[in-house]
Amino acid sequence: MKRGIALMKILFSVVVLKGIGGIESSLLNILNNLCCDTGYVIDLCVIGNYISPTTVIPGNVHVIQGNRILEYACSELKDLKKNKSRSQIIMAVLVKCLKKAIGYKRILNFCLKSMKNKEKYDVAISFSNDKFNGEYIGGSDDYILRCCDAQRKIAWIHNDARQHGMTKEICLAHYKDFDYVVNVSEGCKKIFDEIVPEYKGKSKVVTNTLNLMGIEKRKSGTSPYKSNGKINLLTVARMDNQQKRIDRVLDCCRKFKEEKINNVFWTVVGDGPDFEMLKKQAAQFELDDYLVFVGRKSNAIPYMQYADLFVQTSDYEAYSMVLIEALSVGCPCICTNYESAHNIIENDVNGWLVEKTSEAIYEKIRETIERMDSVKAMKKDCINSCIKLNRMALDSFEQLIKE
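Residues numbered from 1 in each chain as written. Predicted model: local features only at pLDDT ≥ 70, side-chain atom pairs only at ≥ 80, totals over all residues. Heavy atoms only, no water.

Engineer: Please give an account of the overall build of the protein that cites residues and values.
Structural biologist: Helix and strand content of the protein: 17 helices and 13 strands. Scaling as 2.2 N^0.38, a compact globule of 403 residues should have a C-alpha radius of gyration of about 22 Å, and the protein matches this with 22 Å. Dimensions of the protein, computed from the C-alpha atoms along their principal axes, are close to 65 × 50 × 40 Å. Burial statistics for the protein: of 403 residues in total, 56% are counted as buried. In the protein, the share of contacts with a sequence separation of at least 24, taken over all contacts with a separation of at least 6, comes to 72%. By element, 51% of the accessible surface of the protein is carried by carbon and sulfur atoms, the whole surface being about 18,100 Å². Each charge sign in the protein was given a centre, from 58 positive and 50 negative side chains, and these centres are 6 Å apart. (Helix = DSSP H or I, 4+ residues; strand = E, 2+ residues; numbered from the N terminus. Rg over C-alpha atoms; globule rule 2.2 N^0.38 Å. Buried < 20%, exposed > 50% of the residue type's maximum accessible area, 1.4 Å probe, protein only. Contact = heavy atoms within 4.5 Å. Areas by Shrake-Rupley, 256 points an atom, 1.4 Å probe, with all protein chains shown as cover. Lys, Arg positive; Asp, Glu negative; His and termini not counted. Charge placed at Lys NZ, Arg CZ, Asp CG, Glu CD.)

The following block contains the structure:
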């Protein structure tokens, strides 16, 4: 990143940092890139107070402690049990019962009263957006608006706004006092502008960035795959089947089995609400020779580094972090043709776009594995495309905070 304005003071806020997910990766990448520039002073408030032991925050970022009650309300018990005492776990259970009785929003409002930030900032950024469909989830936006003093306040939206339950009425009220609202792709901006055209003037696009030096350090000299001579397919995703459509992975593997295509093996990295269900289905279909779910990995880069093909099966994404990470280590990608994928994947250059069906994914994989020599020759183009995309993203971010 180019040299910034001298001692520009920036505050970022998120709810929790769980050690996994595209939003967290994107935040850490921005922080690492900013920390390479001596012109910035950076604070980070994790309002839910939970930071995974696997999350590595740059040393020159000042972390502001969040609220313990919000930690109990926002964090999963399985995560809290790793480093909390028995009495703290009991308190977390009580807070979760209270949350169920009165709602998260009332707990949030109570906690924010004691979270006033006395510093003055040039820019304050709410990096994890609120969700309004079903049970309200969030609080980072409220923290920036109600607890912070900044010349400019910016809200980030990391997905299709409609998928977060954002209506015109909600957006008009919720984003009224923000100077800018950032979407992470042109497609997501278009959707936001259609929902609330009144805010088109403060609606911006900043795509997700990578910390390319950090990725280089996370590479491994040893492949995580067994040396079985098979073509390694890889998917890295949160196990949320409604969006990520991991059922299509199972469909393809069943087809491989039916067609007796025995030279491929598919590894799925990630955790989430549908993890056990998907593993159970794979066992029922007896796909052990074709598919393995390895769960959450703090470092998925070696899997990408040694994969022959990265496959993304999602119905929708805002701007996929794992897709550009795969490209950064030279792994060609087969990806469903959701809108923002067109900004990342160029057919026959760094990958291929296919229709959002199991059949289309299967056919493209089958076609591709029959010409692996030409696929391997795409490695350099994958890396170059990622470098170009990353430079554009960093320039967009820097321009935004200086406006």
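Engineer: Lay out helix H4 (residues 86-102) in plain terms, naming residues and giving numbers.
Structural biologist: For H4, built from 17 residues, the straight-helix expectation of 24 Å at 1.5 Å per residue is met to within 8% by its first-to-last C-alpha distance of 25 Å. When H4 is considered as a whole, its buried residues turn out to be Ile89, Ala92, Val95 and Lys99. Taken end-on, H4 shows its buried residues confined to a sector of 115 degrees, consistent with a single buried face. Exposed positions of H4 whose direction lies more than 90 degrees from the buried face are Arg86, Ser87, Leu94 and Ala101. Where H4 is buried, its residues meet helix H2 (68-74), helix H3 (77-80) and helix H5 (104-112). (Expected span 1.5 Å × (residues − 1). Arc of directions from axis to C-beta.)

Engineer: So what about the sheet that holds strand E11 (residues 309-312)? Which residues, and what values?
Structural biologist: With parallel pairing, the six strands of this open sheet are ordered in space as E10-E9-E8-E11-E12-E13. The open sheet has two edge strands, strand E10 (291-295) and strand E13 (351-354), and neither has a second partner. If you compare each strand with its neighbour and ignore which way they point, the axes differ by 20 degrees on average. With two bridges connecting them, strand E8 (residues 231-236) and E11 associate as parallel partners. (Pairing = 2+ DSSP bridges. Axes fitted to C-alpha atoms, helices over the stretch in contact; angles between N-to-C directions.)

Engineer: Kindly report on the sheet that holds strand E7 (residues 203-205), identifying the contributing residues and their values.
Structural biologist: Strand order across the open sheet formed by seven strands is E3-E2-E1-E4-E5-E6-E7, with parallel pairing between neighbours. Single-partner strands in this sheet number two, and they are strand E3 (62-64) and E7. Strand-to-strand twist of the sheet, defined as the mean angle between neighbouring strand axes without regard to direction, takes the value 25 degrees. Strand contacts of helix H8 (residues 186-195): strand E5 (149-157), strand E6 (180-183) and E7, with the helix running at about 170 degrees to E7, the strand carrying the most contacts. Strand contacts of helix H17 (residues 379-402): strand E1 (8-14), strand E2 (40-46), strand E4 (120-126), E5, E6 and E7, with the helix running at about 145 degrees to E5, the strand carrying the most contacts.

Engineer: Summarise the environment of asparagine 299; cite the residues concerned and give the values.
Structural biologist: Tracing the sequence through the fold places asparagine 299 in the loop between E10 and helix H13 (301-306). In terms of polar contacts, asparagine 299 uses its side chain to reach the backbone carbonyl oxygen of arginine 218, at 2.9 Å. (Polar contact = N/O pair within 3.5 Å; in protein donor to acceptor, adjacent residues only side chain to side chain.)

Engineer: Could you give an account of the side chain of glutamate 325, naming the residues involved and the relevant values?
Structural biologist: As for its placement among the helices and strands, glutamate 325 is situated in helix H14 (residues 321-328). Nearest to the buried, unbridged glutamate 325 among oppositely charged side chains is arginine 218, at 4.5 Å. Ignoring sequence-local partners within four residues, the contact set of glutamate 325 consists of Ser25, Leu210, Ile215, Arg218, Ile301 and Met304. (Salt bridge = Lys/Arg side-chain N within 4 Å of Asp/Glu carboxyl O.)

Engineer: Tell me about the side chain of aspartate 193, and name the residues and values.
Structural biologist: Take aspartate 193: it is sitting in helix H8. Using a relative accessible area of 9% as the deciding quantity, one classes aspartate 193 as buried. Side-chain polar atoms of aspartate 193 contact the side chain of serine 203, separated by 3.0 Å. Non-local contacts of aspartate 193, meaning those with residues more than four positions away in its chain, are made with Lys200 and Ser203.

Engineer: Explain the packing of H5 against helix H6 (residues 140-147) residue by residue, including any values.
Structural biologist: Following both chains from N to C, one finds H5 and H6 inclined at 35 degrees, their axes separated by 11 Å at the closest point. As for the relative orientation of H5 and H6, their crossing is right-handed in sense. Taken together, the residues of H6 that come into contact with H5 (itself represented by Lys105, Leu108, Asn109 and Leu112) are Asp142, Tyr143, Arg146 and Cys147. Tallied by class, residues from the contact of H5 with H6 come to four nonpolar, one polar and three charged. (Left-handed = near helix turned anticlockwise from the far one by under 90°. Nonpolar A, V, L, I, M, F, W, Y, C, P; charged D, E, K, R; others polar.)

Treat this as a map of the structure, not an account of what it does.
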